[in-house]
There are 4 protein chains.
Amino acid sequence: MTAAPVSLERLNQASLAEFVSVLGAIFEHAPWAAEAAAAQRPFATVADLHAAMLAAVEARPQAERIAFLRGHPDLAGKAARAGEMAPASVSEQAGLGLDRLSDAEYDRFQSLNAAYAGKFGFPFIVCVRRQTRDAILDSYAPRLANDAEAELSRAMAEIGHITRLRLVEAVEGPGAPKTAGRLSTHVLDTAHGAPAAGVRIELFERGASAAAKLLEAVTNADGRTDAPLISGRPLRAGRYELVFHVGDYFRAKGLALPEFPFMDVVSIRFGISEPEGHYHVPLVATPWSSATYRGS
Amino acid sequence: MTAAPVSLERLNQASLAEFVSVLGAIFEHAPWAAEAAAAQRPFATVADLHAAMLAAVEARPQAERIAFLRGHPDLAGKAARAGEMAPASVSEQAGLGLDRLSDAEYDRFQSLNAAYAGKFGFPFIVCVRRQTRDAILDSYAPRLANDAEAELSRAMAEIGHITRLRLVEAVEGPGAPKTAGRLSTHVLDTAHGAPAAGVRIELFERGASAAAKLLEAVTNADGRTDAPLISGRPLRAGRYELVFHVGDYFRAKGLALPEFPFMDVVSIRFGISEPEGHYHVPLVATPWSSATYRGS
Amino acid sequence: MTAAPVSLERLNQASLAEFVSVLGAIFEHAPWAAEAAAAQRPFATVADLHAAMLAAVEARPQAERIAFLRGHPDLAGKAARAGEMAPASVSEQAGLGLDRLSDAEYDRFQSLNAAYAGKFGFPFIVCVRRQTRDAILDSYAPRLANDAEAELSRAMAEIGHITRLRLVEAVEGPGAPKTAGRLSTHVLDTAHGAPAAGVRIELFERGASAAAKLLEAVTNADGRTDAPLISGRPLRAGRYELVFHVGDYFRAKGLALPEFPFMDVVSIRFGISEPEGHYHVPLVATPWSSATYRGS
Amino acid sequence: MTAAPVSLERLNQASLAEFVSVLGAIFEHAPWAAEAAAAQRPFATVADLHAAMLAAVEARPQAERIAFLRGHPDLAGKAARAGEMAPASVSEQAGLGLDRLSDAEYDRFQSLNAAYAGKFGFPFIVCVRRQTRDAILDSYAPRLANDAEAELSRAMAEIGHITRLRLVEAVEGPGAPKTAGRLSTHVLDTAHGAPAAGVRIELFERGASAAAKLLEAVTNADGRTDAPLISGRPLRAGRYELVFHVGDYFRAKGLALPEFPFMDVVSIRFGISEPEGHYHVPLVATPWSSATYRGS
């Protein structure tokens, strides 16, 4: 969604043509979802508008819902490589690097996609902005084991996530559904009874293969980072690691640490399962101890 | 030292020839250290015997002490590759894999050794059984920066460590000097208020490059491992990581964890600086928290 | 039980008269429980002997079991004041001070006892060595709410506890049933990464009214007390408090603490519900933090 | 100070008479401190105004400064009982109950005051709004041990604290000096990985004698109290206790706790030494563990 957002108020008063021109692409190749919602205006909240569009799809007979699902591109598929997807799908899949896979990775996705489509008759659909690449790959097996009804319902739930994110970016107004999570940290130095300032922090995604560094930050005077580590978008469900360089910090505070400090580099590995949740992951440390917990 | 240990009592009563035949190789190419000690018998403790031998070396003029140091092989040097070292040195250096370095590693050691010998006039001496390979490599730079007096004294301290270990293996008796450290762990489950049994644990050495797995263990009914993770020998000074598979444990206890559990795999990275110390590294955990500290 | 214990082996071979003279008083006014058990000799373990005596009571018709229960003195009752109880009951009740209650306390027990006997037809029976006085007083209300069958079964369970303790003191031999709990502590100083030695510790029972100090101890070089705080007997179920004078300790270690140290006196209040359990209550502290958990 | 505050801007432009009428009572019986400051107008900040008034006192010869100190009432003295103090002193001393002491307490203060005045020639001066009654009583002994110069300087420092608080209440404007501390808490439930809502909390001052309950609060959905426990005024230096009723909380969450829960009532005793500081005292707990630290 690169266009500037339109206000809900304006959409409530717009012509049908304008309404559909703004929202017709939210549901992939299904402008009729926007048309059906238009008839129910006005909407008090963005969440109501989303619910109405989703209900329009749910109201269709099963065969039509499956046809709608069939209109979606394969994940990491030929369309992604060839540049033939709807613009929203392009940027979503690119966010995970799904448009530039190695040949082996591409082949793996192709074979999983083929197995899935062969069993269910529609492509594997997932809201890629709420998952790490590993989480997506891990989810093929359990979803392939589902029965048709469960998987149709799961696919529609993913459509709900995908379109909610698109709608929130396209429309400004009250009552926007929650689509953003937050990851934050805080370092407390209990040797000195004060926030730990100046601690270097690294955040990694811990994939099946190597660990990819997502960002670095340094704690401020309150022991926090100036901004949350991640905010304003869904957290990707998956496995992460925070690394805190506390040895350097304690040495800078004037403590005499041994050659190989007991606590030099503290690693906190944690999982995220709620993309819209708040994960506060504090570190409470001395040169000889460390603790963490899910805070708030 | 592959021979069966001899009792201190017997050495106290042995002929000079027998005494030297047992202890002559403790100090590299310096049977005179044993001879000098023999004259001071009887020894009440193994520690006293060691102190007497060390004092015999320290009593020599500086030029002779340097000549003694020169009798030691290069670390990871040509002698190690060619199989020309004293038997004790062979097994000590082999313990770190210093006899089977890649060519690049071999070259790195050669160039560090050359720089060291060039500055001080004797080879770089370190008690390899008390250090990881990384710790040894890291120690060249600060030792090269020392002045001659400091480094002569450091070399003699390392000789003390080397010969203490050799002597403790060669002689049985009261008052053996402490040469063994201990690494232990304990897992407490504070969601249930009980020791965590059946937790899989991995211990890694975290080198400059990859992490080498040293061992795996599983906690018993008391949340401990049946034997200490390391005992009966010096701990190698360096960087380590304990990995605890607590997600599997909590799931086996019947807790419903999310797809990516917040605490699934807990990593504790820690440093060891006292090879003869006791490092107790407990884990206190719930599915939502973890803590560690240097215990006892 | 003040007599010296008799061995199980001897009891297995003793005459019926001797057997009953040793064990006849274990079950209050019921030497027949010992007689019935005598016929089943030999016993491999003390636990087997206890089970046989208990089974002899359980085997009686309900009316006789109730008559047996009626043979027990009132708790904190007239018999306790007047010195008319069986010797074992005397010392057991005296352990809680039940023989020297204030008039108000005495009246409270009398009225609770009367209510209980009025409903169930036998006295309120509890193993007083496994409970604090508060725990006993608290237990009247829920037990008065039970139906007759549940309370008969509960009374017999208490008889089991009472007689197990008496038997273990009267008979020496293999397979003694577990009657002793253990309370221990350990103080770790994570400002220094070492056990905290010399910390003054107080243990209180926290009753409904004032807190009674049970003991004081000082930690040794390993941060523990030389002996467990309580061992060799049941822990009394109830509420407790451990008080650790860590401010004095940290000051003695040379740390500059403010006038009112953040952590000066650490109080850990905890409950005990398993009189035969092991309660390990460690303290992990710095001048700015403290933590505890049920350890092992 | 019961009058409505006057703006700094207005004071900067006021006549000398108005200026002194507003600020003349800030320094006890010393309107000349305000007069001296008036000549230095305008002041950019309230802190600058305070500094100027304080400097006016510091600039006087020692004999005059001592005369100024002599103008202050005895702490908890006859004037307090008889209602003869300056209005600001009246409310300050009443805040600690110093106007309604028992006879024994009154006598104790009288004798300490007499000893102090006898040694130094001026009354014992302390900013009572920054201290608990116990802290004040405890401070006589060390202050009596000071020499005259140290104690004159300490008395002036207390005058600084007293007048800063008075000035901040009398004058509105930019750059007010910091006079308020903050005490806050936060309860995290690491059995569930979430803030603990609905936990009853009690705050006590722990005096030398009994513990006085200062307030009760209940945690909100974020595990915090809706307002800080104390804010908007100096924290009184002294000893405190926070009591958290976590057993009730965990039971309400559906956990099956034993009759005497291991962690039922968690007590955190802590000291406050910085009246203008922020003391964040979180509790991280499960039914089997608890931890706290000075947070931020």
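Residues numbered from 1 in each chain as written. Chains lettered and ligands numbered in written order. Predicted model: local features only at pLDDT ≥ 70, side-chain atom pairs only at ≥ 80, totals over all residues.

Colleague: Would you mind going over the overall build of chain A in detail, with residue names and values included?
Modeller: When helices and strands are tallied, chain A shows eleven helices and eleven strands. Residues classed as buried in chain A amount to 42% of the 296 residues present. In chain A, of all internal contacts separated by at least 6 residues, the share reaching a separation of at least 24 is 67%. (Helix = DSSP H or I, 4+ residues; strand = E, 2+ residues; numbered from the N terminus. Buried ≥ 20, exposed ≤ 12 C-beta atoms within 10 Å, placed from the backbone. Contact = placed C-beta atoms within 7 Å.)

Colleague: Tell me about the relation of the copies chain B and chain A, residues and numbers included.
Modeller: Turning chain B through 180° and shifting it by 0.0 Å along the axis lays it on chain A, with an RMSD of 0.1 Å. One copy is carried onto the other by what is essentially a two-fold rotation axis. Considering only C-alpha atoms, the residue of chain B closest to the rotation axis is Ala291 of chain B, which sits at 2.0 Å. When the interface residues of chain B are mapped onto chain A, 100% of them are again interface residues, pointing to one common binding face. (Least-squares fit on C-alpha atoms with pLDDT ≥ 70 in both.)

Colleague: With reference to specific residues and values, describe the pairing of strand E10 (residues 278–286) of chain D.
Modeller: Residues and elements named next belong to chain D. Most of E10 sits inside the fold, with seven of its nine residues counted as buried. Sheet analysis places strand E3 (residues 181–189) next to E10, joined by eight bridges and oriented parallel. What sits directly across from Asp189, in E10, is Ala285. The sheet contact formed by E10 and strand E11 (residues 289–293) spans three bridges and is antiparallel. Pairing of Ala285 across the sheet is with Ser290, part of E11. (Pairing = 2+ DSSP bridges.)

Colleague: Go over the interface of chain D and chain A with me, naming the residues and quoting the values.
Modeller: Opposite the eleven residues of chain D that make contact, chain A presents eleven residues. Residue composition of the side of chain D that touches chain A, by class: four nonpolar, five polar and two charged. (Nonpolar A, V, L, I, M, F, W, Y, C, P; charged D, E, K, R; others polar.)

Colleague: Summarise the packing of helix H3 (residues 31–38) of chain D against helix H4 (residues 46–58) of chain D; cite the residues concerned and give the values.
Modeller: Residue and element names in this part refer to chain D. Across the interface, H3 lies against H4 with an axial gap of 8 Å and an inter-helix angle of 120°. Viewed along their axes, H3 and H4 adopt a mutual orientation that is oblique. Helix-helix and strand crossings are classified by hand; for H3 and H4 the assignment is right-handed. Touching Ala33, Ala34, Ala36 and Ala37 of H3 are Leu49, Ala52, Met53, Ala56 and Val57, all from H4. (Axes fitted to C-alpha atoms, helices over the stretch in contact; angles between N-to-C directions. Parallel < 35°, antiparallel > 145°, perpendicular 65-115°, else oblique. Left-handed = near helix turned anticlockwise from the far one by under 90°.)

Colleague: Can you lay out the domain arrangement of chain A for me, pointing to particular residues and giving the numbers?
Modeller: Residue and element names in this part refer to chain A. Taken domain by domain, chain A consists of domain 1 (6–172) and domain 2 (181–291). Its C-alpha centre places domain 1 at a distance of 35 Å from the equivalent point of domain 2. Here the residues of the side of domain 1 that touches domain 2 are counted per class, giving one nonpolar, two polar and four charged. (Domains from an automatic or database assignment.)

Colleague: So what's going on with the interface of chain B and chain A? Residues and values would help.
Modeller: Of the residues lining the interface, 25 residues belong to chain B; the matching set on chain A comes to 25 residues. Within the residue set of the side of chain B that touches chain A, elements represented by two or more residues are strand E8 (238–244), strand E9 (266–272) and strand E11 (289–293) of chain B. If you tally residues by element for the side of chain B that touches chain A, the top one is E9 of chain B, at six residues. For the side of chain B that touches chain A, the per-class residue count stands at 13 nonpolar, seven polar and five charged.

Colleague: Go over the environment of Glu216 of chain B with me, naming the residues and quoting the values.
Modeller: Residues and elements named next belong to chain B. Looking at the element boundaries, Glu216 is found in strand E6 (residues 211–218). Once the C-alpha coordinates of Glu216 and Glu202 are considered, the two residues, 14 residues apart in sequence, prove to be 4.5 Å apart. Apart from residues lying up to four places away in sequence, Glu216 is in contact with Arg200, Ile201 and Glu202.

Colleague: Before we move on, could you go through the packing of helix H4 (residues 46–58) of chain B against helix H10 (residues 148–170) of chain B and cite the residues and values that matter?
Modeller: Residues and elements named next belong to chain B. At a minimum axis distance of 10 Å, the contact between H4 and H10 shows a crossing angle of 140°. Remark: the crossing between H4 and H10 carries right-handed chirality. Taken together, the residues of H10 that come into contact with H4 (itself represented by Val46, Leu49, His50, Met53, Leu54 and Glu58) are Met156, Gly160, Thr163, Arg164, Leu167 and Val168. Taken together, the residues of the contact of H4 with H10 break down into seven nonpolar, three polar and two charged.

Colleague: Could you give an account of the relation of the copies chain D and chain A, with specific residues and numbers?
Modeller: Mapping chain D onto chain A calls for a rotation angle of 180° and an axial translation of 0.0 Å; the resulting RMSD is 0.1 Å. Of all interface residues in chain D, 100% are interface residues in chain A too; the two copies therefore contact each other through one and the same surface.

Colleague: Report on the confidence of the model for chain A, specifying residues and quantitative values.
Modeller: With 98% of its residues at a pLDDT of 70 or more, chain A has an overall mean of 93. With pTM at 0.93, the complex prediction returns an ipTM value of 0.92. (pLDDT = per-residue confidence, 0-100.)

Colleague: How would you sum up unusual backbone geometry? Please name residues and give values.
Modeller: Glycine aside, the phi torsion of most residues is negative, and most peptide linkages are trans. Residues and elements named next belong to chain A. Pro42 follows Arg41 through a cis peptide bond whose omega is 0°. With respect to the element layout, Pro42 can be found in the loop between helix H3 (31–38) and helix H4 (46–58). Positive phi outside glycine occurs at His29, with the angle close to 55°.

Colleague: Please provide a residue-by-residue account of the environment of Val266 of chain C, values included.
Modeller: Residue and element names in this part refer to chain C. The topology assignment puts Val266 in strand E9 (residues 266–272). On the basis of neighbour count, Val266 is assigned to the buried category, with 25 C-beta atoms found within 10 Å. Along the backbone, Val266 and Thr179 are 87 residues apart, and their C-alpha atoms lie at a distance of 31 Å.

Colleague: Break down the environment of Thr225 of chain B for me, with residues and values.
Modeller: Residues and elements named next belong to chain B. Its place among the elements puts Thr225 in the loop between E6 and strand E7 (230–233). Separated by 190 residues in the primary sequence, Thr225 and Glu35 have C-alpha atoms spaced 45 Å apart. With sequence-adjacent residues up to four places away left out, Thr225 is seen in contact with Thr185, Ile201, Ala217, Thr219 and Asn220.

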